[in-house]
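Overview (structure and organization)
Chain by chain, the residues:
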Amino acid sequence: MMLTPFLVNKVSFVNSRRSRWRLILTILALAIGRPELATAHPMPNSVVLLNVHANRIDAELQIPLVELQSALGHAVNDSSAGLVARLGPQLREYLKTHIRPQSPDGRFWNVTVGELTVHESQNPINGVYRELTAQVQMLPPVRQSGQGEDVRQFTFYYDVVLHQVMTHKILVSVRQDWVRGQLAESEPVQVGEISLDIVNNRILPLSVNLASGSFWTGFTAMVNLGMQHIAEGTDHLLFLLVLLLPAMLQVTGGPGQRFVWGRFGGVRYSLKRLLLIVTAFTIGHSITLLAGSLGWVRLPSQPVEILIAVSILVSAIHAVRPIFPGREAWIAAGFGLIHGLAFASSLANLQLDAGPMALSILGFSLGIELMQLFIILLTIPWLMLLSRTQAYGLVRLTGALLAAIAAIAWVVERITGQPNSLTQGIELVSPYAPYGLGVLAILALLLTWRTNRLRQLPEF
């Protein structure tokens, strides 16, 4: 894309003026003995994040207002308050003019500029930084067969800000490409950079050529995401483990008497109760995972997260003393509905089309179940061994107490919106959970050996 002589002169004027000010500031910073300030204001770049779908590309533009101000000649950075309400139509038209994806056959795509928002941040070094975020949809032309062009190969003509500010750079990355297993939760993959070719005084377009993918790759990525979600979701896992703590024990007491946890109920009794609780939890969270992912049920995240912490607290109290004996499966299903809403938010944020979304729900659910089953298989044998010993009462009460403290800390954090020392401590300790499993195994083996040895001693 060639710059007209008028634009070349204007670009040179704008940038020479900016360069003079930067040179003066650099000299002043060096003169006062603060060389770090000479580079404390790096040139802000624009960022273009692409979400690749089967028939379109959704892009998020992040444009520094100080650069946009130089390009537009309007005080969009100095007077950013109410900017979208004041200049929204002009900004959309400006962006649409300077974003022109082109198919290999030479036809240009249809570009629609949606929501515009202004973000402001501040730090002691760079001061106030303001950024315009724009949501853009890029739709390739329709073929004679009625199908759209391939979205994975196109020439990206983009010169927002850059057509006036020659030092500006645009970093283009893929944030989400489901068929390639690239999800929004991972780091964006940079495609390239658009900048001025100083030698030829031209703004060259970016050639985008994305590798092909498959539904299988997208599906396995979602299985991995589901497994990762449980492995890193300390609260989800803690709820299930605390609910399973007394599952091997019989309940004693009855009408007119207080219910208390009794002795080990046997392997068959334990496995039946474990299976019921885990299955009920799975059914519960699967229902709301499906409903939440499809947008049928939406709740604000804060009350959902608070209820998840409450579910851990209730399970911890039940592990100390039976408060719903014989109804653990119903409680697991009920709280599973709450946990499923939290799982669904991960999928809803991906904004996938119907086909990939259906496979994503299936893959994500499968990943959750695989990781749950893996952790239960690693944990339950040691709990069953311990529950045969007299020391299990102490182990159960200690686990319940620690879980209750964690739950209360999470409730406080999620109500106030501020982390506390306990939740920060949990974040530090949780990566070492596998070592805790090793300690549990050693404890179970030692206490079982000691119990068997005592039983073999003759009675006097």
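What counts, and where the lines are drawn
Residues numbered from 1 in each chain as written. Predicted model: local features only at pLDDT ≥ 70, side-chain atom pairs only at ≥ 80, totals over all residues. Heavy atoms only, no water. Pairing = 2+ DSSP bridges. Helix = DSSP H or I, 4+ residues; strand = E, 2+ residues; numbered from the N terminus. Axes fitted to C-alpha atoms, helices over the stretch in contact; angles between N-to-C directions. Parallel < 35°, antiparallel > 145°, perpendicular 65-115°, else oblique. Left-handed = near helix turned anticlockwise from the far one by under 90°. Contact = heavy atoms within 4.5 Å. Nonpolar A, V, L, I, M, F, W, Y, C, P; charged D, E, K, R; others polar. Expected span 1.5 Å × (residues − 1). Buried < 20%, exposed > 50% of the residue type's maximum accessible area, 1.4 Å probe, protein only.

Attention now goes to the sheet that holds strand S6 (residues 153-158). Spatially, the three strands line up as an open sheet ordered S3-S6-S11, and their pairing is antiparallel. Strands at the two margins of the open sheet, each flanked by one partner only, are strand S3 (99-102) and strand S11 (206-209). Going from strand to strand, the sheet's axes swing by 25 degrees on average, the running direction of each strand aside.

This brings us to the packing of helix H7 (residues 301-320) against helix H8 (residues 328-348). Here H7 crosses H8 at 155 degrees, and the two axes come no closer than 9 Å. When the axis of H7 is compared with that of H8, the two are roughly antiparallel. The handedness of the crossing between H7 and H8 comes out as left-handed. Here Val304, Glu305, Leu307, Ile308, Ser311, Val314 and His318 of H7 lie close against H8, whose contacting residues are Glu328, Phe335, Ile338, His339, Leu341 and Ala342. Grouping the amino acids of the contact of H7 with H8 by side-chain chemistry returns eight nonpolar, three polar and two charged.

Along its 18 residues, helix H4 (residues 215-232) runs 26 Å from first to last C-alpha, staying within 8% of the 26 Å computed at 1.5 Å per residue. Buried within H4 are the following residues: Gly218, Phe219, Ala221, Met222, Val223, Leu225, Gly226, His229 and Ile230. The inward-facing, buried residues of H4 contact helix H5 (234-244), H8 and helix H9 (354-386).

What follows concerns the pairing of strand S7 (residues 170-177). When you tally the buried positions in S7, you get seven out of eight residues, the bulk of the element. The sheet contact formed by strand S1 (residues 46-52) and S7 spans seven bridges and is parallel. Across the sheet, residue serine 46 finds its bridge partner in S7, namely isoleucine 170. For S7 and strand S8 (residues 189-194), the ladder comprises five bridges, and the chain directions are antiparallel. Across the sheet, residue serine 173 finds its bridge partner in S8, namely glutamine 190.

The phi dihedral of valine 161 falls on the positive side, at around 70 degrees, and the residue is not glycine. Summarising the element assignment, valine 161 is placed in the loop between S6 and S7. Phi is positive for asparagine 201, which is not a glycine, with a value near 55 degrees. Turning to its location among the elements, asparagine 201 is positioned in the loop between strand S9 (196-197) and strand S10 (202-203). Of the residues examined, asparagine 201 reaches a relative accessible area of 26% and is grouped as partly exposed.

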